[in-house]
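# Remarks on the overall topology
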There are 4 protein chains.
Amino acid sequence: MSKGEETRQFIIEKAAPIFNVKGIAATSMSDIMEATKLSKGSMYVHFENKEVLACAAVDHNMKVLGDKILMTVGKAKTAKEELFAYIDFFNNPLNPPVIGGCPLLNFGMEADDTNPVVKEKVNGGIRFTQRVLENSINKGIANGEFKPDWNAAEFSTVIFAMLEGGNLISRISGNNDKMKIIVKTLKSIIEENTL
Amino acid sequence: MSKGEETRQFIIEKAAPIFNVKGIAATSMSDIMEATKLSKGSMYVHFENKEVLACAAVDHNMKVLGDKILMTVGKAKTAKEELFAYIDFFNNPLNPPVIGGCPLLNFGMEADDTNPVVKEKVNGGIRFTQRVLENSINKGIANGEFKPDWNAAEFSTVIFAMLEGGNLISRISGNNDKMKIIVKTLKSIIEENTL
Amino acid sequence: MSKGEETRQFIIEKAAPIFNVKGIAATSMSDIMEATKLSKGSMYVHFENKEVLACAAVDHNMKVLGDKILMTVGKAKTAKEELFAYIDFFNNPLNPPVIGGCPLLNFGMEADDTNPVVKEKVNGGIRFTQRVLENSINKGIANGEFKPDWNAAEFSTVIFAMLEGGNLISRISGNNDKMKIIVKTLKSIIEENTL
Amino acid sequence: MSKGEETRQFIIEKAAPIFNVKGIAATSMSDIMEATKLSKGSMYVHFENKEVLACAAVDHNMKVLGDKILMTVGKAKTAKEELFAYIDFFNNPLNPPVIGGCPLLNFGMEADDTNPVVKEKVNGGIRFTQRVLENSINKGIANGEFKPDWNAAEFSTVIFAMLEGGNLISRISGNNDKMKIIVKTLKSIIEENTL
DNA sequence: TATGAATGAGCCTTCATTCAT
DNA sequence: TATGAATGAAGGCTCATTCAT
């Protein structure tokens, strides 16, 4: 990795959590400057403008999240364990796997009406996540863990939606009680579909 | 209502959708000026500063949403109809009941890490919404529509979370397919608990 | 004149000579700030952006020049005196009637390849100036001062071009010798066409 | 020519038309970088700073112009043909012999009040050009082509000034009509002084 | 109450320039 | 010689806010 590429990566890593916490609009280039201890001009050596940097930060946050999901799910042995691992992974939004909380929710809600580029990135992230779940369910159906008529596409949507909704409630209420209900509910549905 | 109060209300009504669409940080006082055709000074006659106006806009958006929910649910005759009405009310996030989409999601995600005042307002909105659902379920249990052992508190959380999650998916993907799955799933759970 | 209009005019008057001396590109909003002792924000209350202010400054410089020309020419009694007055008016480019020298030359040369709006303004100024000369010649022909077959359109172009060219030489060489030659030449052509 | 000298020359050739078109102030080192496809550092290996590069560009533009003039005039056989060749050379400012138009006019007007170094360079260019004309006239007088009492110094100034003035008019108006008048006028004066 | 002129801090960005490699 | 990363001052401009009228 060249010096330039290294610095670029360094900036992204410092910037990503800031964007995820404050939002794109509320994050200034000066915030990034301060976090990186680099000069203002230096930011523009590596990123054409704030929008490009913000996009890189969005990508980074989603990649970190995606990698952690894959790693977590990857450790599971059975399909059911995979689903449980995924659900437990999002278990505690007050201490989230990515600083600032789920970037899909954060950037999605900021970008939906105003930033088509970021919106499309988030769209990719959502589809990826649901595909992970769908794969686990289909795998469980194929290997006889789950009922064969379980609708993988539909339930992956249900898991994703409920966890994101629970995310919202927990982060806003400042406690995890509702998230526990959601986790319990999802797990019981999974049990119902387990043979 | 005095002239001043009238103007204040007028500003709020013009400002609310702008804040809900663009977010608080990305909305400038000039945006509101333009929308109201009022002078810059006039804004500060009625609102101490941007934060106060933003809070009023958050309140307004949530009140509009709450009123529409109550009106929609109020038209239903049975408890089940109430739940169905609520679900159908959030049926199409691409053409949402409030311009800019669900303010709980929008302001919640912007404020969770940065704005305790707005965060607490959203918290109130979330609790209100879930209480509406809980009331319907409890009413249905009381009048024999629903199974007596149905957990109202838990299922109201499930409905709310799934609809908000579906909201995210639909608005970002730009189509409603996943929302339809969620609606179907929720209604089938309700049917299962209907006597 | 409203307070705002007054300030706007004040800014233009302070800005005009700066733009004419330094050129549009080399003049910064800070330069104007300093000259007016106004705040940076104040400039943008009265002018949308630098381009708009620059255009107003171009207009102002040309208007000042045009008014002085008309006043000077207006004092003359005969057509010949008018032409002589015009020529003498541009007599000394080292101490020009407008600070920074002829704005037609200054802004024309800066704008010709890069700024169509200013270019068109300068075009208007050039046409105006030549029309003044043409009118004087035609008046002299009509009243029998000048030979009837003198081509007014052509000679007004010749006067204008030679004076602008002389302007260039004088300002760059830092002395007026060549301008004197031009003045002498022009006057002798006029004499030749005087009856 | 060493590698270094070669690169230096290459940069000058790419930079010269840019400076002549946009002006010195409005041309950035990045513009030159882009045009040469060289690195930013490379510019500073060959030129101490922007001012030095700009000066080299001014010199280059004037040299190209001067060489073309000499070549054009050199092809003529008689003194009158030389003068005519010179005039025709500047015939069409809309398609000028040097990209961006006459550098004497361009840089002269930008530098007169702000850049003594460039101003002096332009001064040299103006004197050179007039000397070329003066030489032709004197040659014609000496060989009996022109009237012996024709004032070479004065008429060379007249030609130069009128052509530069015509240059301004043509480039700003976007058409050549006025330049034709000037060419016609100059040639008829020459004819009048031809024996 | 309403206006809009005025402010200055702060925004994103570009600039000319330096320097280690 | 050539590179391109790094710098910080300065660029144009927007911001939230104040205040005299």
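Above: the structure in question.
These numbers come from a predicted model, not from an experiment.

## Comments concerning the overall build of chain A
Helices and strands together make up the secondary structure of chain A, namely nine helices and zero strands. Counting helices and strands in the order they occur from the N terminus, chain A gives α-α-α-α-α-α-α-α-α. Taking the principal axes of its C-alpha atoms as reference, chain A extends roughly 60 × 40 × 30 Å. A burial count over chain A gives 52% of its 195 residues as buried. The contacts of chain A with a sequence gap of at least 6 include a subset with a gap of at least 24, amounting to 71%. For chain A, the computed accessible surface area is about 8,400 Å², with 55% contributed by carbon and sulfur atoms. Of the side-chain charges in chain A, 23 are positive and 24 negative, and the distance between the mean point of each set is 5 Å.

## Digging into the protein's contact with DNA strand E
With respect to spatial proximity, 32 residues lie near DNA strand E, and among them Lys50 of chain A, Gly41 and His46 of chain B, His46 of chain C together with Lys40 of chain D are the closest. The contact atoms of DNA strand E, taken as those within 4 Å of the protein, divide so that sugar and phosphate hold 59%. Here Ser30 of chain A contributes a side-chain N or O atom positioned 3.5 Å from a phosphate oxygen of DNA strand E. At 3.3 Å, a backbone N or O of Ser39 of chain C approaches a phosphate oxygen of DNA strand E.

## Things to note about the protein's contact with DNA strand F
Taken together, 33 residues lie around DNA strand F, and His46 of chain A, Lys50 of chain B, Lys40 and Lys50 of chain C together with His46 of chain D are the ones closest in. Considering DNA strand F, the proportion of its atoms within 4 Å of the protein that are sugar or phosphate atoms stands at 59%. Note that a phosphate oxygen of DNA strand F is positioned 3.3 Å from one of the backbone N or O atoms of Ser39 of chain A. One of the side-chain nitrogen or oxygen atoms of Thr7 of chain D is found 3.1 Å away from a phosphate oxygen of DNA strand F. Those elements giving two or more residues to the surface near DNA strand F turn out to be helix H1 (3-22) and helix H3 (40-46) of chain A, helix H3 (40-46) of chain B, helix H2 (29-36) and helix H3 (40-46) of chain C together with helix H1 (3-22) and helix H3 (40-46) of chain D. Partitioning the surface near DNA strand F into residue classes produces eight nonpolar, 19 polar and six charged.

## What to know about the interface of chain A and chain B
Contacts between chain A and chain B engage 37 residues on the former and 37 residues on the latter. Across the interface of chain A and chain B, roughly 3,400 Å² is buried in total on both sides, 70% from carbon and sulfur atoms. Among the residues chain A hides against chain B, the three largest losses belong to Met109, Leu168 and Ile172 of chain A. Together they make up 21% of the total. In this assembly, chain A and chain B are joined by six salt bridges. We note a salt bridge from Glu154 of chain B to Lys184 of chain A, for which the minimum N-O separation is 2.5 Å. The interface formed by chain A and chain B contains six residue pairs in polar contact (both at pLDDT 80 or more).

## Let's talk about the pattern of salt bridges
Taken as a whole, this structure holds 36 salt bridges over all chains when the rule is applied. The partner of Lys121 of chain C in a salt bridge is Asp59 of chain C, and the shortest N-O contact between them spans 2.9 Å. You can see Lys121 of chain C sitting in helix H7 (residues 116-142) and its partner Asp59 of chain C sitting in helix H4 (residues 50-74), a full 62 residues away along the chain. With a relative accessible area of 24%, Lys121 of chain C lands in the partly exposed category. A single salt-bridge network, built from bridges that share partners, covers Asp112 and Asp113 of chain A together with Arg171 of chain B.

## With respect to the interface of chain D and chain C
Between chain D and chain C, the residue contacts involve 37 residues of the former and 37 residues of the latter. Taking both partners together, chain D and chain C bury about 3,400 Å²; carbon and sulfur atoms supply 70% of that area. The largest share of the area that chain D buries against chain C comes from Met109, Leu168 and Ile172 of chain D, three residues that together contribute 21% of it. On the surface where chain D and chain C come into contact, there are six salt bridges. With its nearest N and O atoms 2.9 Å apart, the salt bridge here joins Arg171 of chain C to Asp113 of chain D. Here chain D and chain C share six residue pairs in polar contact (both at pLDDT 80 or more) between them.

## Concerning the relation of the copies chain A and chain B
Overlaying chain A on chain B yields an RMSD of 0.1 Å, the required transformation being a rotation through 180 degrees with an accompanying axial translation of 0.0 Å. The transformation just described matches what one would write down for a two-fold rotation axis. Taken together, the interface assignments show that 100% of the residues at the interface of chain A recur at the interface of chain B, consistent with an identical surface on both copies.

## Some remarks on the packing of aromatic side chains
How two aromatic rings sit relative to each other is set out by the distance from centre to centre and by the angle between their planes. According to the stated counting rule, one finds 16 aromatic pairs over all chains in the structure shown. Pairing Phe146 of chain A with Trp150 of chain A gives two aromatic rings, centres 5.1 Å apart and planes at 80 degrees, and the pair type is edge-to-face. Judged by its relative accessible area of 10%, Trp150 of chain A is buried. Here the aromatic cluster, defined as three or more aromatic residues joined through ring pairs, consists of Tyr86, Phe89 and Phe90 of chain A. It is Lys80 of chain C that lies over the ring of Phe84 of chain C; its NZ or CZ is 5.6 Å from the centre.

## Looking at the side chain of Ser156 of chain D
Residue and element names in this part refer to chain D. Looking at the element boundaries, Ser156 is found in helix H8 (residues 152-173). The buried category is assigned to Ser156, whose relative accessible area is 1%. Beyond its immediate stretch of four places on either side in the chain, Ser156 contacts Gln130, Leu133, Glu134 and Ile137.

## Quick word on helix H2 (residues 29-36) of chain D
Residue and element names in this part refer to chain D. Among the residues of H2, Met29, Ile32 and Thr36 are the ones counted as buried. The arc enclosing the buried residues of H2, seen along the axis, measures out at 60 degrees, which places them on a common side. Check the buried side of H2 and you find it contacts H1, H3 and helix H4 (50-74).

## Concerning the arrangement of the chains
At no point do chain A and chain C touch; the closest pair of C-alpha atoms across them sits 20 Å apart. Nothing in chain B touches chain D, and the closest approach of their C-alpha atoms is 32 Å.

## Let's talk about the side chain of Glu145 of chain A
Residue and element names in this part refer to chain A. Structurally, Glu145 is set in the loop between helix H7 (116-142) and helix H8 (152-173). Lys139 is the oppositely charged side chain nearest to the buried, salt-bridge-free Glu145, at an N-O distance of 6.4 Å. A distance of 2.7 Å separates the side chain of Glu145 from the backbone nitrogen of Ala79, its partner in a polar contact. Within the structure, the side chain of Glu145 is placed 3.0 Å from the backbone nitrogen of Lys80, a separation counted as a polar contact. In contact with Glu145, other than residues within four places in its own chain, are Thr78, Ala79, Lys80, Gly140, Asn193, Thr194 and Leu195.

## Some points on helix H9 (residues 177-192) of chain C
Between the first and last C-alpha of H9 of chain C there are 23 Å, a value that for 16 residues agrees with the 22 Å anticipated at 1.5 Å per step. Among all positions of H9 of chain C, only Met179, Ile181, Ile182, Val183, Thr185, Leu186, Lys187, Ile189 and Ile190 of chain C are buried. Residues of H9 of chain C that are buried sit in contact with helix H5 (79-89) and helix H8 (152-173) of chain C together with H8 of chain D.

## Focus: the packing of helix H5 (residues 79-89) of chain D against helix H9 (residues 177-192) of chain D
Residue and element names in this part refer to chain D. Their axes nearest at 10 Å, the elements H5 and H9 cross at an angle of 170 degrees. Relative to H9, H5 is oriented roughly antiparallel. The segment H5 lies against H9, with Lys80, Leu83, Phe84, Ile87 and Asp88 engaging Val183, Leu186, Lys187, Ile190 and Glu191. When grouped by side-chain class, the residues that make up the contact of H5 with H9 number six nonpolar, no polar and four charged.

About the cut-offs
- Residue indices follow the written sequence of each chain, beginning from 1 at its first position.
- Throughout, the order in which chains and ligands are written sets their labels, letters from A for the former and numbers from 1 for the latter.
- Only residues with pLDDT of 70 or above have their local features reported here, since the model is predicted, and side-chain atom pairs are shown and tallied only from 80 upward, although totals for entire chains, interfaces and linings are computed over all residues.
- Side-chain numbers come from the whole structure's heavy atoms, not from hydrogens or water.
- Helix and strand assignments follow DSSP, with helices taken as H or I runs no shorter than four residues and strands as E runs no shorter than two, numbered in order from the N terminus.
- For each residue, the accessible area found with a 1.4 Å probe, counting protein chains only, is set against the maximum for its type, and the residue is called buried under 20%, exposed over 50%, and partly exposed in between.
- Between two residues, a contact is recorded if the distance between any of their heavy atoms is within 4.5 Å.
- For the area figures, the Shrake-Rupley method with a 1.4 Å probe applies, and any residue is considered shielded solely by the protein chains shown.
- Only four residue types enter the tally: Lys and Arg on the positive side, Asp and Glu on the negative side, with His and both chain ends excluded.
- Here the site of a charge means NZ on Lys, CZ on Arg, CG on Asp, or CD on Glu.
- To be near a molecule or strand, a residue needs just one of its heavy atoms within 4 Å of it.
- Pairs of N or O atoms within 3.5 Å make up the polar contacts considered here, provided that, within protein, one atom can donate a hydrogen while the other can accept it, and that residues adjacent in sequence are counted only when both atoms are side-chain atoms.
- Gly is put with the polar residues, along with every residue not named as nonpolar or charged; the nonpolar set is Ala, Val, Leu, Ile, Met, Phe, Trp, Tyr, Cys and Pro, and the charged set is Asp, Glu, Lys and Arg.
- Accessible-area loss on putting two parts together, using a 1.4 Å probe and summing over both, is the definition of buried area adopted here.
- Definition used for salt bridges: Asp or Glu carboxyl oxygen within 4 Å of a side-chain nitrogen of Lys or Arg.
- Copy-to-copy alignment: least squares on C-alpha atoms, limited to residues at pLDDT 70 or above in both.
- The rule is short: rings of Phe, Tyr and Trp, with Trp giving its six-membered ring, pair when the centres are within 6.5 Å, and they are stacked under 30 degrees, edge-to-face over 60, tilted in between.
- Two conditions define a charge sitting above a ring: the NZ of Lys or the CZ of Arg must be within 6 Å of the ring centre, and it must be within 35 degrees of the ring normal.
- Directions drawn from the helix axis to the C-beta atoms are what define this arc.
- Given the number of residues in a helix, its expected span is that number minus one, multiplied by 1.5 Å.
- Axis lines are fitted to C-alpha atoms, over the contacting stretch for helices. Their N-to-C directions set the angle, which ranges from 0 to 180 degrees.
- Each angle is binned into one of four classes, with values under 35 degrees roughly parallel, values over 145 roughly antiparallel, values of 65 to 115 roughly perpendicular, and all other values oblique.

All we've got here are geometric facts, nothing functional implied.
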